[in-house]
Amino acid sequence: MLVPIFTLKLNHKINPRMVAIGKYDGIHPCLTAATQAGKVFIHNPHTRGQRPAAHRLSQSTQDNDISLLNINQAVSCLTAGTLGPNTTGHTLLVGSQTNLLAYDVHDNTDIFYKEVTDGANAIVLGKLGDIQSPLAIIGGNCALQGFDFEGNDRFWTVTGDNVRSLVLCDFTADGKNELLVGSEDFDIRVFREDELVTEMAENETVTSLCHMHGSRFGYALANGTVGVYDRTARYWRIKSKNHAMSIHAFDLNADGVVELITGWSNGKIDARSDRTGEVIFKDNFSSSVAGVVEGDYRMDGQIQLICTSVEGEVRGYLPASKEMKGNLMDASVEQDLIRELSQRKQNLILELRNYEENAKALPGVSEGESKMGVIPANTQLQTALSVRRATESQRAHIELNISTPNETIIRAVLIFAEGIFEGESHVVHPSAQNLSGCVRVPIIPPKDIPVDLHIKAFFKMKFHVFEITRQLPRFSMYDLNVDPSAVQPTGKVTFSINDRPQRVVMWLNQSFLLPEGIDSPDITFTALRGGGLLKINMQPSGEITLRTDDIDLAGDLVQSLASFLAIEDLQAEADFPIYFKELRATLTEVDEFHSVHQKLTAAMADHSNYIRNMLVQAEDARLMGDWRNMKKRYIELYDLNRDLINEYKIRSNNHNALLARLKSVNQAIQRAGRLRVGKLKTQVITACRDAIKNNNINALFKIMKAGTASS
């Protein structure tokens, strides 16, 4: 139980997920948050009366305890913590879509100001792997980049999509931090420095991550889902119609184990058990929660949970003392408990009535069902999965056939599956005229991921429910039936393994939806999503060739096979002519956009100088009473300002187009890496980045094809 101990009303609106606590002088904790119009406010009630020096930092006209830091561009993320080895206070780190600022608030000076091409959507500060110095790690446009206290680029790698959340955590329990990355492609990836350790697939954008304890961490998704993982095992998750704006780990009941605190878009704050997800505390703001942090804000030796709203309201909470806990059982918690028990009672009474009525004859039962309403003893749920090609009336899909071995009627079917159905569930309720012992459900997986189908079938009336779980293989949307006139794929990846063909056959039977078991690793599929062929061939020497024009599919196949065969390091040679041609055109466009960007920046600088000179001339004319020249200069100023605004719009469009091309380049590096496994994957990604930094495009394509620049 938490007890509110202070409330503040700050006259500044707060951007969601941009709140931090920093001890900038090494002693006093200051609440720091990003506001609109490119400003960061720092609330410091501990040193009233002190005025900041005249640099970036200025005193707020609304509140003497608040200082404003002018960033002059939209803030996208911020954090505070220890960055330098010899600094007494924390460093404030502020990210935007173009730059990263490391700022010494106490001395009111910039530590470094770095341009970041891929932008900064999320930021975390701390130690990573064997890198000795703390790093400010930012996640942006499909890339991760880490800077040390001097602004040196000490870490870089690519990830699958735009990064939305980051956290450092000892995921592998080896005493060193790994980096957990949540991105827009619905994956949570774990990096040991620049090596990908593992990844967990979710069904929406991962908006927040927080470390709890050990290898356990909390996560939040854009669709309102909140949950807890311990390594790759999900402990629990809940889903709300509201959005989780911020999550934080805090021990609210002083039992030595942290709970998951969640701030929601409707203003609700709740705390849930890390083991079960049960709500053990809740409170409400009048507006959406902006951030949840912790710190000794009253400087009395007790760490408070500090929650902020987007309207600038701040509340501090403390765990209730042992004496107060017995009296602080929240009335709302008691009411919820009574409501839950009453609901359970009603359900049990209803179930009892159902069983009593079940002994009576029911109209409309089939011959296979007993007239007394009893399900036959041999009734069981049977499922079958089969691939169905597209027709004029229906898209290509996987057909799930649910049936019984006798004539028992299936009244309805309920299927739970992540990432396939909207809302994660699907109900099939045949009309009374179409009732039978067989129900067919079309399933269209959007991506190549294994999915557990939790199936509930309702027999006769709602009292009889049979449950079964069936796994949909990862590569289920591929059909063995091949059109002889299909165009042969030009792309391929080739690698060698030290394993028997039978092991590859086992992987094929497990990963694909095959009508019957196969005994040879040489096989051809048709992709049902985008068309095209997939051909798999294995030589007696152990050389495997995967032929497909889809480089993403090739990477997924390599990673899946390597995981199945427990291969730690795997080198491969690849050639995807169509994709590489598109990539070469993208790189040419990147150079063109860079050139245009530089020209536009220079033109804007020139116009700014003209405006400055004309403004001086106009004011001189005004002071001298030369109204004709003053009017002339201000008309010229108006025209220049209009041109400047138009140039800014062009520059903004150019920048957005450049970001889109850079995203494609980063994703190409990621795809080239996924064609290899382990250290060789990391080497390919690093070598590709070096080739791009050196503008050596030929070396880049050699690395993507051969895995090394020297081959």
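All values derive from a computational prediction rather than experimental measurement. (Residues numbered from 1 in each chain as written. Predicted model: local features only at pLDDT ≥ 70, side-chain atom pairs only at ≥ 80, totals over all residues. Heavy atoms only, no water.)

*Asks:* How would you summarise the sheet that holds strand E22 (residues 233-239) if you had to cite specific residues and measurements?
*Replies:* Strand order across the open sheet formed by 4 strands is E19-E20-E21-E22, with antiparallel pairing between neighbours. A strand with exactly one partner marks an edge of an open sheet, and here the two such strands are strand E19 (206-213) and E22. Sheet twist, expressed as the average angle between the axes of neighbouring strands with direction ignored, equals 20°. Two elements, strand E20 (residues 216-221) and strand E21 (residues 225-230), share 5 bridges in a ladder whose sense is antiparallel. Bridge pairing links Ala220 to Val226 in E21. (Pairing = 2+ DSSP bridges. Helix = DSSP H or I, 4+ residues; strand = E, 2+ residues; numbered from the N terminus. Axes fitted to C-alpha atoms, helices over the stretch in contact; angles between N-to-C directions.)

*Asks:* How would you sum up the pairing of strand E16 (residues 178-183)? Please name residues and give values.
*Replies:* Counting buried residues along E16, 6 of its 6 residues qualify, which places the element largely inside the surrounding structure. Of the two faces of E16, the one carrying Glu178, Leu180 and Gly182 and the one carrying Leu179, Val181 and Ser183 are both buried. In this structure, strand E15 (residues 163-169) lies alongside E16, joined through 6 bridges in antiparallel fashion. Paired with Val163 across the strands is Ser183, a residue of E16. Where E16 lies against strand E17 (residues 187-192), 4 bridges are found, and the strand directions are antiparallel. Looking across to E17, one finds that Gly182 is bridged to Ile188. Linking E16 back to E17 in an antiparallel pair, the connection comprises 3 residues, with Phe186 at a positive phi of about 75°. (Buried < 20%, exposed > 50% of the residue type's maximum accessible area, 1.4 Å probe, protein only.)

*Asks:* Give me the lowdown on the environment of His46, citing residues and values where you can.
*Replies:* Here His46 lies in the loop between strand E4 (39-43) and strand E5 (57-59). The exposure class assigned to His46 is partly exposed, which follows from its relative accessible area of 25%. Each C-alpha atom of the pair His46 and Asp65 lies 8.3 Å from the other, and the pair is 19 residues apart in sequence. With residues up to four places along the chain from it excluded, the contact list for His46 reads His28, Pro29, Tyr297 and Met299. (Contact = heavy atoms within 4.5 Å.)

*Asks:* Could you give an account of the environment of Val558, with specific residues and numbers?
*Replies:* Structurally, Val558 can be placed in helix H4 (residues 551-564). Taking relative accessible area as the criterion, Val558 reaches 1% and is therefore assigned buried. The sequence separation of Val558 and Arg676 amounts to 118 residues, and the corresponding C-alpha distance is 7.3 Å. In contact with Val558, other than residues within four places in its own chain, are Val493, Phe495, Leu546, Leu570, Arg674, Leu675 and Val677.

*Asks:* Account for the domain arrangement of the protein chain, with residues named and values stated.
*Replies:* When cut into domains, the protein chain gives domain 1 (6-328), domain 2 (382-472), domain 3 (478-556) and domain 4 (577-706). Computed from C-alpha coordinates alone, the two centres of domain 1 and domain 3 are separated by 44 Å. (Domains from an automatic or database assignment.)

*Asks:* Account for the layout of surface pockets, with residues named and values stated.
*Replies:* Roughly 1,300 Å³ of internal volume is contained in the second largest pocket. Around the second largest pocket, the lining is made up of 42 residues, and of these Val19, Thr79, Ile123, Leu166 and Leu209 lie nearest the centre. Listing elements by their share of the lining of the second largest pocket, those giving two or more residues are strand E2 (19-22), strand E7 (77-81), strand E11 (122-126), E15, E19, strand E23 (244-250) and strand E27 (289-295). By residue class, the composition of the lining of the second largest pocket is 22 nonpolar, 16 polar and 4 charged. (1 Å grid on protein atoms, 1.4 Å probe; cavity = no way out; pocket = protein on both sides within 12 Å on 5 of 7 lines; lining within 4 Å. Points joined across faces, edges and corners; volume = space filled by probe spheres on them. Nonpolar A, V, L, I, M, F, W, Y, C, P; charged D, E, K, R; others polar.)

*Asks:* Residue-level account of the state of the cysteines, with values.
*Replies:* Taken as a whole, this structure holds 0 disulfides when the rule is applied. Not part of a disulfide, Cys77 finds its nearest cysteine sulfur in Cys142, a span of 16 Å. Judged by its relative accessible area of 4%, Cys77 is buried. Left unpaired, Cys169 is separated from the closest cysteine sulfur, that of Cys210, by 9.8 Å. (Disulfide = S-S within 2.5 Å.)

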